[in-house]
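Overview (structure and organization)
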Amino acid sequence: MPSKRVISPSIGVLTKKKKISNILNGSAVTDEASLTEIKKEAKTEEARKNCNADDTSIKSGDSIDTARVKVEVESELSPNIFPKVDPGDSLKGPANWAKIYNEIVEMRAKFFAPVDSQGCESMPNTITPGLKLSDPKKYRFQLLISLMLSSQTKDEVNYDAMINLNTGLGKKHAQGFCLEAMSQLSETEIDSYICKVGFHNRKAQYIARTCQILKSEFNGDIPNNIEDIVRLPGVGPKMGYLLLQAGWGINSGIGVDVHLHRLASLWHWVSPKATTPEKCRIELESWLPQNYWSDINPLIVGFGQVICVPRASNCDICALGRKKLCSAANKKLLKGPVSEDRKSKLMKQRADLTNLINEYL
Ligand code: SF4
């Protein structure tokens, strides 16, 4: 199991506001008991800053900077802990899958990727801390919308669109960002809030139609089975299984996105016949024990967002390359330590990779 964090005894005398202020100023210390609460509050503080701007004033350049700040704020808080593979489970499946998985768990404990705070599952809670517990129905609705916006769109851009919706609907409706408020918007109005995401026109149509279906067929809530979910316009199995896991606690399938599909193929976890995310899901589910089905998406997606990125893998700071666990590693990058030139390039990734870079300098 991953090692426990060192806890500072001094945190007990700090007020919550002061703790948050310290976190946002980059000088945080905190204890395990209040960690989750403080983490959520810190995110809210950032979200509130974003919400002070008019809906139309958020520029894409500004938002990416905000995203980086948020990831850095996260990195002050805690390691990113995913459970490792139980030794008994490693006997099934492709050779070395458990070694690879466990190395990624260790690497992911050293950085926060965009998916950790701005991925679909965490986004409603990032925008409104505690929403999943305080209003599960509203959480599920916002989760569905963030999933519908997410295809062909970076998490940071999706996050800005969700902030726009939250701000705009908060001004229009007493209940804020909820099904009732959204269903009163025209397609054009929805489009104006989400205009930075890929295929926004089509997604605005899908969202407007989905709102009507949820009201007329599902009593204003999200369906709790994959068959009904994938009948919603613009919603596929990847979104459906993630929605069931995070929204209903139902672990009935793996959410396979482009990163997981690409990397499962790279490590030969699936056969060359798995040419689509859906075929990849079926092959993965044939051997991966079910208790890893919900972790594998955020674990691998975060790795694919900043370490093994498409077309520019950072093999020199990847434990799989250094430990000869990946046949696709770039051998030139693995020669010698990380150079200053490479270090400056690595520092421009979508997350703070200092901890990994320092291992290989
Ligand atoms: S060694 Fe390189 S190609 Fe292989 S997983 Fe790591 S970053 Fe990707």
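Predicted, not measured: the structure shown is a model, and the values here were computed from it.

**A closer look at the overall build of the protein chain**
Counting its secondary structure elements, the protein chain contains 21 helices and 0 strands. Within the protein chain, buried positions represent 42% of all 361 residues. Contacts in the protein chain between residues at least 24 apart in sequence constitute 63% of all its contacts with a sequence separation of at least 6.

**Comments concerning the site of the ligand**
In the vicinity of the ligand, the contacting residues are Ile-307, Cys-308, Ser-313, Asn-314, Cys-315, Cys-318, Leu-320, Gly-321, Cys-326, Ala-328 and Ala-329. The residue inventory of the shell around the ligand, partitioned by class, reads 8 nonpolar, 3 polar and no charged.

**Observations concerning unusual backbone geometry**
A positive phi angle is found at Asn-219, which is not glycine, with a value near 55°. Along the polypeptide, Asn-219 turns up in the loop between α12 (200-217) and α13 (226-229). The phi angle at His-268 is positive, at roughly 60°, despite the residue not being glycine. Assignment of secondary structure puts His-268 in the loop between α15 (258-266) and α16 (277-287).

**Re helix α4 (residues 97-108)**
Between its first and last C-alpha, α4 extends 16 Å over 12 residues, near the 16 Å set by a 1.5 Å rise per residue. Residues of α4 that are buried include every one of Trp-97, Ile-100, Tyr-101, Glu-103, Ile-104, Val-105, Met-107 and Arg-108, and no others. The secondary structure elements touched by the buried residues of α4 are α17 (296-306), α18 (319-322) and α21 (354-359).

**Focus on helix α9 (residues 155-172)**
A rise of 1.5 Å per residue sets the reference length of α9, with its 18 residues, at 26 Å; its end C-alpha atoms lie 26 Å apart and thus fit the reference within 8%. With 14 of 18 residues buried, α9 lies mostly within the body of the structure.

**Description of the confidence of the model for the protein chain**
On average, residues of the protein chain score 82 in pLDDT, and 78% of them reach the 70 mark or higher. pLDDT under 50 marks residues 1-77. Its contacts with residues more than four places away, or in other chains, come to 95 contacts.

**Re the environment of Gly-247**
Note that Gly-247 resides in helix α14 (residues 237-248). Take Gly-247: there are 25 C-beta atoms within 10 Å of it, and that puts it in the buried class. Residues Gly-247 and Lys-138 lie 109 residues apart in sequence; the distance between their C-alpha atoms is 9.9 Å. Not counting residues up to four positions away in its chain, the partners in contact with Gly-247 are Arg-140, Leu-143 and Ile-222.

**Overview of the packing of helix α8 (residues 136-150) against α12**
With their axes 10 Å apart at the nearest point, α8 and α12 run at an angle of 150° to one another. Compared by their axis directions, α8 and α12 come out roughly antiparallel. The two elements α8 and α12 cross, and the hand of that crossing is right-handed. The residues of α12 that touch α8, namely those facing Ile-145, Met-148 and Leu-149, are Lys-203, Tyr-206 and Ile-207.

**Things to note about the environment of Ile-222**
Secondary-structure assignment places Ile-222 in the loop between α12 and α13. C-beta crowding within 10 Å serves as the criterion here: with 23 such atoms nearby, Ile-222 is assigned to the buried category. Sequence separation between Ile-222 and Arg-140 is 82 residues, and the spatial gap between their C-alpha atoms is 6.7 Å.

**Re the environment of Leu-325**
Residue position: Leu-325 is located in the loop between α18 and α19 (331-334). In this structure Leu-325 comes out as partly exposed when scored by C-beta crowding, with 16 C-beta atoms within 10 Å. Between the alpha carbons of Leu-325 and Asn-96 there is a distance of 7.7 Å; along the sequence they are 229 residues apart. Ignoring anything within four residues of it in the chain, the contact list for Leu-325 reads Asn-96, Lys-99, Ile-100, Glu-103 and Leu-320.

**Overview of the packing of α15 against α17**
Packing of α15 against α17 leaves a shortest axis separation of 8 Å and a crossing angle of 85°. If you check the angle between α15 and α17, you find them roughly perpendicular. Within the contact between the two elements, α15 uses His-259, Leu-260, Arg-262 and Leu-263 and α17 uses Ile-296, Asn-297, Ile-300, Val-301, Gly-304 and Gln-305. Class assignment for the residues of the contact of α15 with α17 results in 5 nonpolar, 4 polar and 1 charged.

Parameters at a glance
- Residues numbered from 1 in each chain as written.
- Predicted model: local features only at pLDDT ≥ 70, side-chain atom pairs only at ≥ 80, totals over all residues.
- Helix = DSSP H or I, 4+ residues; strand = E, 2+ residues; numbered from the N terminus.
- Buried ≥ 20, exposed ≤ 12 C-beta atoms within 10 Å, placed from the backbone.
- Contact = placed C-beta atoms within 7 Å.
- Near = placed C-beta within 6 Å.
- Nonpolar A, V, L, I, M, F, W, Y, C, P; charged D, E, K, R; others polar.
- Expected span 1.5 Å × (residues − 1).
- pLDDT = per-residue confidence, 0-100.
- Axes fitted to C-alpha atoms, helices over the stretch in contact; angles between N-to-C directions.
- Parallel < 35°, antiparallel > 145°, perpendicular 65-115°, else oblique.
- Left-handed = near helix turned anticlockwise from the far one by under 90°.

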